[in-house]
Every structure is written in C-alpha cells, then in structure tokens.
Amino acid sequence: NLHKISLHQIRAMLKFSAPLIPNTAIWWLQSSVNSLIITKHLGISYNGIYSVAVKFASVLHLVINVFDLAWQESAIKEFGKPYYKEFVTKTFNQYLVFLLSCVAVLIPFLRLVMEYLIDSAYIEAIPYIPFLLFSTAISACSGYFAQMIVAKNKNMKLLTTNFIGAISNILVVYVLLKYIGIWAIVISAVLSYSVIAIARYYQVKEDFMI
C-alpha cells in the first residue's frame, strides 16, 4: 500500500545511512591502496612480504569482527540509559586489556611458528608484524568509538574522521616510502589509525566516566 510509505521515515533512513557509504569506501581504499603503492614503487616481491605480514595481523581482526557485531547492538540498545557511561567505560577498559593481551601473546607465538608456516623468502615480514598487530588493536578502538557515534546518530562524524585518517595515511606513505620502504606503510598504519581513534574519542568522550 503506497499510502503507508512514510517519506519522513525514508528521509531519516537516508540521512542515517548515506554517510556510511563513502565511509566504507574510504576504509576499503585505505586498506587496499597500500599494496598497490608497494607494487608500483618497490616491486612485487616487497608486496608479497607486506601481504604476509598483514595476513598474520588479520588473525586479530577475526576476533575484533566478532566483538564488533555484539558491541554494535549493545551500544545502540543501551544508549541513553542511566548506566550508559559506566557500561561503555567498563566495556572499553576490558576490551582494551583484551586487545593488548592478544597482541602480547600473538607476537612471540607468531614469531615461533612463522618459520614453519611460510617460505623462507618471506621471513623478512617478521619485523613488521608486531607493529601491524598494534595498529590493528588501535583500529579496533576506533571501531569501538564508531559504534558509539552511530548510536548517537552522528554518522557524518565517522566520514569526517575516516577522511582525516586516510589523508594522514597517504601523506606519511608518500613522504617516507622512498626513504624507508615498507616501514613507511607500517608507520602510516599506526599513525593513521591513531589519528582516527583520537578524533573519534573526542566525539564521544562525554559518554565516558572520566
């Protein structure tokens, strides 16, 4: 029944979801463009080394994705309730401890098993893995804040912070790539995710117990 279609509701849904489309596109570009840059400026062999390092960092990403699904629902459902500040603060503190614990456990574990899991030609990837694991943990923190921003219905802030992070990523890579090679990509990951996490934290800091 066309008379039951609410134009007001459609506009509200579009306003909510529209910023998420370019936000996702920027995130995809930021995570994918590094391989293209390495291949173009350093060569395919270096891209292979970087790809191996990233694959090991993706182990932590699997855990983060599971948490994100649960946190997305909880952040929206609990938003506005009297205990919301205490809830998000305690959850974040526990999540942060869990993330850093995972990084601390994975670094020596992966160092032990890498020689058995990958070809010796890619052994150069080992030094990059701890930093990529750490950048993944920082990215998880920014994702935590992102769900709080969604709960506040301020999705345009997600787009803005992601755009800032993408610009900082590109600048660091192009300035340092010719001097330090793959390390430029690794450093840019840590810095850009840190920029996004800090920017998003300032969008939701009033919802934390300080």
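Notes on the structure in this doc start here. (Residues numbered from 1 in each chain as written. Predicted model: local features only at pLDDT ≥ 70, side-chain atom pairs only at ≥ 80, totals over all residues. Heavy atoms only, no water.)

**Some remarks on the overall build of the protein chain**
Inference 1: Along the protein chain, the regular secondary structure elements total seven helices and zero strands.
Inference 2: Overall, the protein chain is about 65 × 35 × 35 Å in size when its C-alpha atoms are taken along their principal axes.
Inference 3: Here the protein chain holds 210 residues, and 41% of them are scored as buried.
Inference 4: Sequence separation of 24 or more characterises 80% of the internal contacts of the protein chain that already satisfy a separation of 6 or more.
Inference 5: Carbon together with sulfur atoms contributes 69% to the accessible area of the protein chain, which is approximately 12,300 Å² in total.
Inference 6: Averaging the positions of the 16 positive and the 9 negative side-chain charges in the protein chain gives two centres separated by 13 Å. (Helix = DSSP H or I, 4+ residues; strand = E, 2+ residues; numbered from the N terminus. Buried < 20%, exposed > 50% of the residue type's maximum accessible area, 1.4 Å probe, protein only. Contact = heavy atoms within 4.5 Å. Areas by Shrake-Rupley, 256 points an atom, 1.4 Å probe, with all protein chains shown as cover. Lys, Arg positive; Asp, Glu negative; His and termini not counted. Charge placed at Lys NZ, Arg CZ, Asp CG, Glu CD.)

**A closer look at the pattern of salt bridges**
Inference 1: If you walk through the whole model with that rule in mind, you get four salt bridges.
Inference 2: One salt bridge in this structure joins Lys-81 and Glu-78, with 3.6 Å as the shortest N-O distance.
Inference 3: Close ionic contact of Glu-206 with Lys-152 constitutes a salt bridge, the shortest N to O distance being 3.0 Å. With Glu-206 in the segment after helix H7 (182-204) and Lys-152 in the loop between helix H5 (129-151) and helix H6 (155-180), this pair connects stretches of sequence that are 54 residues apart.
Inference 4: Accessibility expressed as a relative area gives 38% for Glu-206, which makes it partly exposed.
Inference 5: You can call Lys-152 buried: its relative accessible area is 16%.
Inference 6: A single salt-bridge network, built from bridges that share partners, covers Lys-152, Glu-206 and Asp-207. (Salt bridge = Lys/Arg side-chain N within 4 Å of Asp/Glu carboxyl O.)

**Brief notes about the packing of helix H4 (residues 84-117) against H5**
Inference 1: Axis separation between H4 and H5 bottoms out at 9 Å; the angle between their running directions is 160°. Classified by the angle between their axes, H4 and H5 sit roughly antiparallel to one another. For the crossing formed where H4 meets H5, the hand is right-handed.
Inference 2: The class makeup of the residues in the contact of H4 with H5 is 23 nonpolar, one polar and no charged. (Axes fitted to C-alpha atoms, helices over the stretch in contact; angles between N-to-C directions. Parallel < 35°, antiparallel > 145°, perpendicular 65-115°, else oblique. Left-handed = near helix turned anticlockwise from the far one by under 90°. Nonpolar A, V, L, I, M, F, W, Y, C, P; charged D, E, K, R; others polar.)

**Regarding a nonpolar patch on the surface**
Inference 1: Taken together, the side chains of Leu-2, Ile-5, Leu-7, Ile-10 and Leu-14 define a hydrophobic patch exposed on the protein surface, amounting to about 530 Å² of accessible area.
Inference 2: Here Ile-10 lies in helix H1 (residues 7-17). (Patch = residues over 30% accessible without salt bridge, like charges linked within 9 Å, V, L, I, M, F, W, Y side chains within 5 Å.)

**A look at the side chain of Ser-168**
Inference 1: With respect to the element layout, Ser-168 can be found in helix H6.
Inference 2: Classification of Ser-168 as buried rests on a relative accessible area of 16%.

**Section: the packing of H6 against H7**
Inference 1: The interhelical angle for the contact between H6 and H7, taken along N-to-C directions, is 160°, at an axis separation of 8 Å. For the element pair H6 / H7, the angle class is roughly antiparallel. For the crossing formed where H6 meets H7, the hand is right-handed.

**Examining the packing of aromatic side chains**
Inference 1: Applying the stated criterion to the full structure yields 17 aromatic pairs.
Inference 2: Their ring planes at 5° and their centres at 4.2 Å tell us that Trp-71 and Tyr-144 sit as a pair that is stacked. In this pair, Trp-71 sits in helix H3 (residues 44-78) while Tyr-144 sits in helix H5, placing the two residues 73 residues apart along the sequence.
Inference 3: Between Phe-92 and Tyr-144, the ring centres sit 5.2 Å apart and the planes meet at 55°, which makes this aromatic pair tilted. One end of the pair, Phe-92, is in helix H4; the other, Tyr-144, is in helix H5, with 52 residues separating them in the sequence. Assigned by exposure class, Phe-92 and Tyr-144 land together as buried.
Inference 4: Here a set of aromatic residues connected by ring pairs shows up, and it is made of Phe-67, Trp-71, Phe-87, Phe-92, Tyr-95, Tyr-144, Phe-145, Tyr-201, Tyr-202 and Phe-208. (Phe/Tyr/Trp six-rings, centres within 6.5 Å; stacked < 30°, edge-to-face > 60°.)

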